[in-house]
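Descriptive analysis of the structure
Here is what each chain is made of, one letter per residue.
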Amino acid sequence: MRRNTLTLIIILVLFISSVLALLFPVLGRQGMRLGLDLQGGLHILYEADLSSVEPGTEDEIIEGVMGVLGNRINPLGVTEPVIQRQGEDRILVELPGLSITDREKERLARVAVLEFGETAAQGEEAKWENELGRWKPATAEVNGEVKELTSRYFRQNTYVSPSQAGGVDLVFEWDAEGRVLSEQITGRLLGQRLGIFEGDTAVMGEDGRPIAPVVQNVITEGGRITGLSFTEANSLSQQLNAGRLPVSLSVLSDETVSPTLGANFINQSILAGVIGLVLVMLFMILYYRLPGALASLTLVFYGALVLALFKMIPVTLTLAGLGGFILSIGMAVDANVLIFERMKEELRSGRTVGAAIEAGFNRAWNAIRDANITTFIVCLILIWIGSTIDAGAPVQGFGLTLLVGVGVSMFTAILVTRTFMRLSVHTGLANRISLFSPEVRKK
Amino acid sequence: MLNLTGKRFWFIIISGILMLVSLVSLISLGLKRGVEFSSGSMLTVNFEEELTQQEVEQALGELGYSDSIVQQTQPTGNYIIRTHVLDENEQTQLKISLQERLGNFAGEFSFRRVSPMIATETSRSASIAVAVAALGILLYVTWAFRRMPKPFHYGTCAIVALVHDALIALGVFSIFGAILGWEINLMFITGILAVIGYSVNNTVVIFDRIRENLILGISPDFETVVNRSVVDTMARSLNTSLTTLVVVLALLLFVGASIQNFVIVLIIGIIAGTFSSVFFAPMLLLVWDRNEWKNFWRWLSFRRVTS
């Protein structure tokens, strides 16, 4: 009895924490993590052109490209962007809740290059503007040709090293042409700022301000970029070592979903889930009486626990995932049904209610285990296959939600329903055998 | 007690016919591939005039793009139109014709082609998934029944039941594809994979009871054991299918069109799966165990002669 009470307390604590986890932010997340189809947003699959790449360096190059994509996506204010490598040469980008113009979309896929800028004079056309002023590309003449100073002239060996100030520096070396350019430009800009830009925005330092060091002396060999955070310096270094190579990205597929469409789906799914739940409960109570009512109680617990897990893992909920969850409600009662049918058999063979409950649970266990393990196998394969294909999110989402659902249903049926049943035996409810099985009384 | 095993040849022949019909329809009619599943072009437009979705769909139909899917998106007045793959000229042609009918486009529009490569990969991955799932299940079931005299039989029968369910779901879809134009998409594939999981789940519960009754030694006769096990678990099989069908129907009624394929496949699969796990897989196990195939053919020809 004491053990049952203890279990009941654990169950109640779990239930309350699940409900709390659903109502309040967990790990900085207010609601569920929603997939693109529910939240709306952008889905792009890029293919990187690795034809001109030295064999063996593909991984580094793809990571650099992904880093640049991340840098470009960050300012867009997307809360949970997905940038994922798929296969050898593909990169999947998902930007939930975002709608951007085609130009912005194009900009995402530009080759990674750092550009150096000098302050633009009054009336001159500026390429960049930020809190430090208006900027134009820093240029110099080499062999009669005007060239812009960019990271294309970096040697492919940038690295991160500790700086004297205690932070980190990004160390780079110019190649032959870069030296000539740098010598002219830094010579001209002594005492002025040299801005560093990537695409349309300035490279940001750890303090959140644009990095634009004042030129102290003429730079010929190479230099250090100071003020970056360690992770930023690291990823920049990676990007540069890759970005110097002309890896162009082409769009294999892209898709935009409207946010309102998604909101609609969520409401419909909630409605379907609630109606399904109520119908299943009704059926269980009418058919199995007291155990059915207890199983219905368990089902509420099941729903709260599964949703809380979805939020905490977090599982990205897609429409298919919601379908998987709702399907799992139907299957969650399966373990209960197995047990109750077993109990009825035991009652028919003349056992007491208490003994029938224990025998029912023990005997049903093998079937529950084997049946659910086969479902697990299928779910795992769905998750694996879903991760290998573009637009595989629905497949993966379905597999994951069903996996969590079936797993939790085993736990709730074995532990929660059983505890409820045992307690009901102790409270004397179980003395009325008709509450357990109407057929037995008829005999 | 209900004597189900006595009618085992009947059950096997029913399942056999269903599978054969499905296979024939699958081969002769094929499956209608949706834009999402195969490949296609996507046009995003914004019209100056306010239009309803029906108006856009109607205009596309009249232009000969009746296979296109129109989706309204944010901001209001934006439409995504998915069509079959269009080359550059066809794209321009479509844009011009649309503007002639529905007024000028406002603002930017985009045209994207979805690569056919991805469609091919999706189909291939799904086939691999089914094959790997079947193999995994065969191995697990064989292992779980390793103490039985012929564990491999259990695994194989579970797989045959699985193929039965998936094939019938595919067959029904190919028939309705020909009659009502049902298309298959990624959700359809997800549905098929879900059916596979559900089917095996059901079959294993019954096999499990056979194992238990064999160990208990309720009868030396395998036929009696199988019959008793199927009857014992009948209430459970029907109740679980019923509760699952109830929630799936709720999904169909309230979520509707976008996951219709998924839900319909599930409904077909649940019904086929219930039949195969109760009436097909255990009977197959029994017939195989006794090596009754000769009797089965004799029974078949006998039926032909008398009818």
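Residues numbered from 1 in each chain as written. Chains lettered and ligands numbered in written order. Predicted model: local features only at pLDDT ≥ 70, side-chain atom pairs only at ≥ 80, totals over all residues.

1. Notes on the overall build of chain B
Note the threshold: Each helix is a run of DSSP H or I of at least 4 residues and each strand a run of E of at least 2, with the numbering of both proceeding from the N terminus. Put simply, a residue is buried when 20 or more other C-beta atoms lie within 10 Å of its own C-beta and exposed when 12 or fewer do; between those, it is partly exposed, and each C-beta is set from the backbone. Residues are treated as contacting if the C-beta atoms built from their backbones sit within 7 Å of each other.
Helix and strand content of chain B: nine helices and four strands. For chain B, the N- to C-terminal ordering of α and β elements is α-β-α-β-β-α-β-α-α-α-α-α-α. Within chain B, the proportion of its 307 residues that are buried is 44%. For chain B, the proportion of contacts with a sequence separation of at least 24, taken over those separated by at least 6, is 78%.

2. Considerations on the overall build of chain A
Scanning chain A from terminus to terminus reveals eleven helices and 14 strands. For chain A, the residues scored as buried account for 47% of the 443 residues in total. The contacts of chain A with a sequence gap of at least 6 include a subset with a gap of at least 24, amounting to 70%.

3. Brief notes about the sheet that holds strand β5 (residues 128-130) of chain A
All names here are of chain A. Definition in use: Two strands qualify as a pair provided that DSSP identifies no fewer than 2 bridges between them.
If you trace the five strands from one edge of the open sheet to the other, you get β5-β6-β4-β11-β12, paired in antiparallel fashion. Looking along the sheet, the strands with just one partner apiece sit at the ends: β5 and β12 (201-202). Inspection of the sheet shows β5 paired to strand β6 (residues 133-137) by three bridges, in the antiparallel sense. Bridging from a neighbouring strand, Glu-129 pairs with Arg-134 of β6.

4. A closer look at the nonpolar core
Soluble, globular proteins show a tendency: their nonpolar side chains are buried together. Counted only if it meets this: Among buried residues, those of type Ala, Val, Leu, Ile, Met, Phe, Trp, Tyr and Cys that are joined through C-beta atoms within 7 Å form a set called a nonpolar core.
Ala-158, Ala-169, Ile-196, Val-265 and Leu-266 of chain B are the most contacted members of the largest nonpolar core, which totals 133 residues. Those residues in contact with Ala-169 of chain B, other than ones at most four positions away along the chain, are Ile-192, Val-195, Val-265, Ile-268, Gly-269 and Ala-272 of chain B. Trp-128, Leu-149, Phe-154 and Ala-212 of chain A belong to the second-largest nonpolar core, a separate cluster that totals 27 residues.

5. Digging into helix α7 (residues 222-254) of chain B
Under the convention used in this document: In this analysis, the expected span of each helix is defined as 1.5 Å times one less than the number of residues it contains. Fitting axes to the seven residues ending at a residue and to the seven starting there, one defines the bend at that residue as the angle between these axes.
The terminal C-alpha atoms of α7 of chain B, which comprises 33 residues, lie 46 Å apart, in line with the 48 Å expected from a rise of 1.5 Å per residue. If you look at α7 of chain B, its biggest bend is around 45°, right at Thr-233 of chain B.

6. Some remarks on the sheet that holds strand β10 (residues 168-173) of chain A
All names here are of chain A. The condition that has to hold: Angles here are taken between N-to-C directions and fall from 0 to 180 degrees, while the axes themselves are lines fitted to C-alpha atoms, restricted in helices to the stretch in contact.
If you walk across this open sheet you meet the three strands as β9-β10-β13, and the pairing is antiparallel. Among the strands making up the open sheet, the edge pair consists of β9 (159-162) and β13 (222-226). Strand-to-strand twist of the sheet, defined as the mean angle between neighbouring strand axes without regard to direction, takes the value 35°. Where β10 lies against β13, five bridges are found, and the strand directions are antiparallel. For Asp-169, the partnering residue across the bridge sits in β13 and is Thr-226.

7. Description of the environment of Ala-165 of chain A
All names here are of chain A. Tracing the sequence through the fold places Ala-165 in the loop between β9 and β10. Note on Ala-165: 9 C-beta atoms within 10 Å, which makes it exposed. Taking the C-alpha atoms as reference points, Ala-165 and Gly-227, 62 residues apart in sequence, are found 9.1 Å from one another.

8. Details of unusual backbone geometry
Here Arg-289 of chain A, not a glycine, exhibits a phi torsion of approximately 55°, which is positive. The residue Arg-289 of chain A is located in helix α7 (residues 259-312) in this model.

9. Notes on the pairing of β6 of chain A
Residues and elements named next belong to chain A. Relative to β6, strand β4 (residues 114-119) is paired through three bridges, and the arrangement is antiparallel. Bridge pairing in β6 links Glu-118 to Lys-136. Counting the residues between successive antiparallel strands, the hairpin from β5 to β6 contains two residues.

10. Notes on the packing of helix α5 (residues 151-180) of chain B against helix α8 (residues 260-290) of chain B
Residue and element names in this part refer to chain B. Rules: For any helix crossing, the convention is left-handed if the near helix is rotated counterclockwise from the far helix by under a right angle, and right-handed if that rotation is clockwise. Three classes are used, and their members are as follows: Ala, Val, Leu, Ile, Met, Phe, Trp, Tyr, Cys and Pro are nonpolar, Asp, Glu, Lys and Arg are charged, and the others, Gly among them, are polar.
In the contact formed by α5 and α8, the axes pass within 8 Å of each other and the chain directions differ by 145°. Seen from above, α5 lies across α8 with right-handed handedness. Partitioning the contact of α5 with α8 into residue classes produces 17 nonpolar, six polar and two charged.

11. Let's talk about the packing of α5 of chain B against helix α6 (residues 186-216) of chain B
Residues and elements named next belong to chain B. What counts is decided by this rule: Oblique is the label for every angle not falling under 35 degrees (roughly parallel), over 145 degrees (roughly antiparallel), or within 65 to 115 degrees (roughly perpendicular).
It is at 9 Å that the axes of α5 and α6 come closest, and there the two elements cross at 140°. Relative to α6, the element α5 lies oblique. Crossing of α5 over α6 shows right-handed handedness. Contacts between α5 and α6 involve Tyr-154, Ala-158, Ala-161, Leu-162, Asp-165, Ala-166 and Ala-169 on the former and, on the latter, Ile-192, Val-195, Ile-196, Ser-199, Val-200, Thr-203, Val-204 and Phe-207. Among the residues forming the contact of α5 with α6, the class breakdown is twelve nonpolar, two polar and one charged.

12. A few points about the environment of Gly-324 of chain A
All names here are of chain A. Looking at the secondary structure, you find Gly-324 in helix α8 (residues 319-348). According to the C-beta neighbour criterion, Gly-324 is buried, with 29 such atoms within 10 Å. It is 9.8 Å that separates the C-alpha atoms of Gly-324 and Val-395, two residues lying 71 residues apart in sequence.

13. What to know about α5 of chain B
The terminal C-alpha atoms of α5 of chain B lie 43 Å apart, and with 30 residues this matches the ideal 44 Å at 1.5 Å per residue to within 8%. Downstream of α5 of chain B by a residue or two, Gly-181 of chain B has a phi angle that is positive, lying close to 75°.

14. Comments concerning the confidence of the model for chain B
Should pLDDT be low for a region, the predicted coordinates there are not to be read in detail. Threshold: pLDDT measures how confident the predictor is about each residue, on a scale from 0 to 100.
Chain-level statistics for chain B give a pLDDT mean of 82 and a share of 85% at 70 or above. For this predicted complex, the interface confidence reaches an ipTM of 0.74, while the overall pTM sits at 0.69.

15. Here we look at the environment of Gly-40 of chain A
When you line up the elements, Gly-40 of chain A lands in the loop between α2 (36-39) and β1 (41-48). Measuring from C-alpha to C-alpha, the distance between Gly-40 of chain A and Leu-95 of chain A comes to 8.7 Å, with 55 residues separating the pair along the chain.

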